[in-house]
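The residues making up each chain are set out below.
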Amino acid sequence: MSIEPLLSVSGLTKHFPVKRGIVFQSAVGTVRAVDGLTFDVAPGETLALVGESGCGKSTTGRMVLRLIEATSGTIRFAGRDVRTLNRGALRDLRRDMQIIFQDPYASLNPRLTVGQTLGEPLRLHGLASGAELRRRIDELLTEVGLSAWHALRYPHEFSGGQRQRIGIARALASQPKLIVCDEPVSALDVSIQAQVINLLQDLKRKLGLSYIFIAHDLAVVRHISDRVAVMYLGKIVELAPKRSLFARPRHPYTQALLSAVPVPDPAAQRTRIPLAGDVPSPLNPPPGCRFHTRCAHAQDRCRVEEPALRAVGDEGQVVACHYAETIVPPIIVPENEPPYARRLAALRKLTVAAKAYSS
Ligand code: SF4
């Protein structure tokens, strides 16, 4: 028996009209920011949306929450049609769906104390008041690794990592089922990133949360996601369970992205696939396969016929490429290969040899 998805998105599209003129504005074009996305998120699952800047991943996250209105398509959350909800129903929905923003400083009101920031959603949704409100604020702060006395402080008194913890606590206040994490660690130092990612993992396990995790850092995505959707120019080009995607990427764009992930061991065997040129404008995307202008495997068919997302292999991968079966994936560093393992082994051998020589 298959699990009913918590979120189900079908044919989701966002087109922004481009207007010219100061008084009598006329439409001169359309930016196709998101073009027909279809994906599900299961309860307790983390789906990562990855891709270069401008590929439409943040727009997708905001459309799911109805922070911006979609042009077409359907969004169903826990059986409800999100796009047809009225204001009251939308407010109830926001209790179940929350967002963590990229910039922890800009997303917090500098005039409110942390306690006031966390108390706002609790009061708005009628979840707590009086002594219960204070108890719940203390609980939220403890849950994200801060202390109860932090409630009296203002955002500027915290470091970037602490501010992101406050952002997480605010998202948790309404006890949501789904959180859209929009590049939640890309503004943080690497050491702090690891702490925040581990916190998100712990909270997911403890509270049974689902995440849509938007990121461009594939090393982070590898750590936190269950499935990964790779986006290019407003479309999903590959969607797969994390293990399959990192072990055997099928789409040439995914292969290029993975080949560029830095690895700590310079001696590790890997193939680099350079991406030629820039991403074409979403104002005028290329015909056929949108990736054909940068793809080393492009053929005549790619320039005229758009590839549909289709199942390839038997590991749950869907890929939008005419030649996904025949393109040989590059050598990607395996997930469990310990960094520096080879050099440590060589060092150990040298030490044993030196001891044997001196004795
Ligand atoms: Fe490359 Fe053609 Fe596949 Fe597009 S369909 S990714 S251009 S090989």
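Refer to the structure above for everything that follows.
Residues numbered from 1 in each chain as written. Predicted model: local features only at pLDDT ≥ 70, side-chain atom pairs only at ≥ 80, totals over all residues. Heavy atoms only, no water.

A. View of the sheet that holds strand β1 (residues 7-20). If you walk across this open sheet you meet the four strands as β2-β1-β4-β5, and the pairing is antiparallel. Each edge of the open sheet is held by one strand with a lone partner, namely β2 (26-41) and β5 (80-81). One ladder, built from five bridges, connects β1 with strand β4 (residues 72-77); its direction is antiparallel. Each residue of the ladder has a partner; that of Ser 10, found in β4, is Thr 74. Helix α1 (residues 57-64) contacts β1, β2 and β4 of the sheet and is inclined by roughly 115 degrees relative to β1. (Pairing = 2+ DSSP bridges. Helix = DSSP H or I, 4+ residues; strand = E, 2+ residues; numbered from the N terminus. Contact = heavy atoms within 4.5 Å. Axes fitted to C-alpha atoms, helices over the stretch in contact; angles between N-to-C directions.)

B. Summary view of the site of the ligand. Close to the ligand lie 13 residues, the nearest being Cys 289, Cys 295, Cys 302, Cys 321 and His 322. Here the shell around the ligand is composed, by residue class, of nine nonpolar, four polar and no charged. (Near = heavy atom within 4 Å. Nonpolar A, V, L, I, M, F, W, Y, C, P; charged D, E, K, R; others polar.)

C. Expanded view of the sheet that holds strand β3 (residues 46-50). Strand order across the open sheet formed by eight strands is β6-β7-β8-β3-β9-β10-β12-β11, with mixed pairing between neighbours. Every other strand in the sheet has two partners, leaving β6 (97-100) and β11 (310-312) as the edge strands with one partner each. Between one strand and the next, the sheet's axes are offset by a mean angle of 25 degrees, whatever the strand orientation. Here β3 runs beside strand β8 (residues 210-215); their pairing, made up of five bridges, is parallel. Bridging from a neighbouring strand, Leu 47 pairs with Ile 212 of β8. Across the face of the sheet, α1 comes into contact with β3, β6, β7 (178-182), β8 and β9 (227-232) while running at roughly 150 degrees to β8.

D. Highlighting α1. With six of eight residues buried, α1 is to be regarded as a mostly interior element. Along α1, the positions that sit buried rather than exposed are Lys 57, Thr 59, Thr 60, Gly 61, Met 63 and Val 64. Immediately beyond the C-terminal end of α1, within one or two residues, lies Arg 66, with a positive phi of roughly 60 degrees. (Buried < 20%, exposed > 50% of the residue type's maximum accessible area, 1.4 Å probe, protein only.)

E. View of the packing of aromatic side chains. For the structure on display, the rule yields three aromatic pairs. Here the aromatic cluster, defined as three or more aromatic residues joined through ring pairs, consists of Tyr 232, Tyr 253 and Phe 291. (Phe/Tyr/Trp six-rings, centres within 6.5 Å; stacked < 30°, edge-to-face > 60°.)

F. Quick look at the pattern of salt bridges. Counting across every chain of the model gives 20 salt bridges. Between Glu 183 and Lys 57 there is a salt bridge, with the nearest N and O atoms lying 3.9 Å from each other. Of this pair, Glu 183 sits in the loop between β7 and α6 (190-207) while Lys 57 sits in helix α1, placing them 126 residues apart in sequence. Across the pair, exposure class does not vary: Glu 183 and Lys 57 are buried alike. A salt bridge links Asp 300 to Arg 303, with the nearest nitrogen and oxygen atoms 3.8 Å apart. Placement of the pair is Asp 300 and Arg 303 together in helix α10 (residues 300-304), with a separation of three residues, close to one helical turn. Connected through salt bridges with shared partners, the residues Glu 132, Arg 135, Arg 136 and Glu 139 form a single ionic network. (Salt bridge = Lys/Arg side-chain N within 4 Å of Asp/Glu carboxyl O.)

G. How the structure looks around helix α2 (residues 87-96). Within the span of α2, buried status applies to Leu 90, Leu 93 and Asp 96. Summarising the axial view, the buried residues of α2 lie within an arc of 100 degrees, below the 170-degree limit, and thus occupy one face. Elements in contact with the buried residues of α2: β4, β5, β6 and β7. (Arc of directions from axis to C-beta.)

H. Expanded view of the nonpolar core. Core analysis: the largest hydrophobic core is formed by 61 residues, its most contacted members being Ile 168, Leu 172, Ile 179, Leu 200, Phe 213, Val 228 and Val 230. Apart from the residues lying within four places of it in its own chain, the contact partners of Ile 168 are Ile 100, Val 144, Val 196, Leu 199, Leu 200 and Leu 203. Leu 65, Phe 77, Leu 85 and Ile 214 belong to the second-largest nonpolar core, a separate cluster that totals 32 residues. (Core = buried A, V, L, I, M, F, W, Y, C linked by side-chain atoms within 4.5 Å.)

I. How the structure looks around unusual backbone geometry. Despite not being glycine, Arg 66 has its phi angle at roughly 60 degrees, a positive value. As for its position among the elements, Arg 66 is in the loop between α1 and β4. If you check the backbone angles, Leu 233 has positive phi at about 50 degrees while not being a glycine. By the secondary structure assignment, Leu 233 is in the loop between β9 and β10 (235-241). The class for Leu 233 is buried, based on a relative accessible area of 2%.

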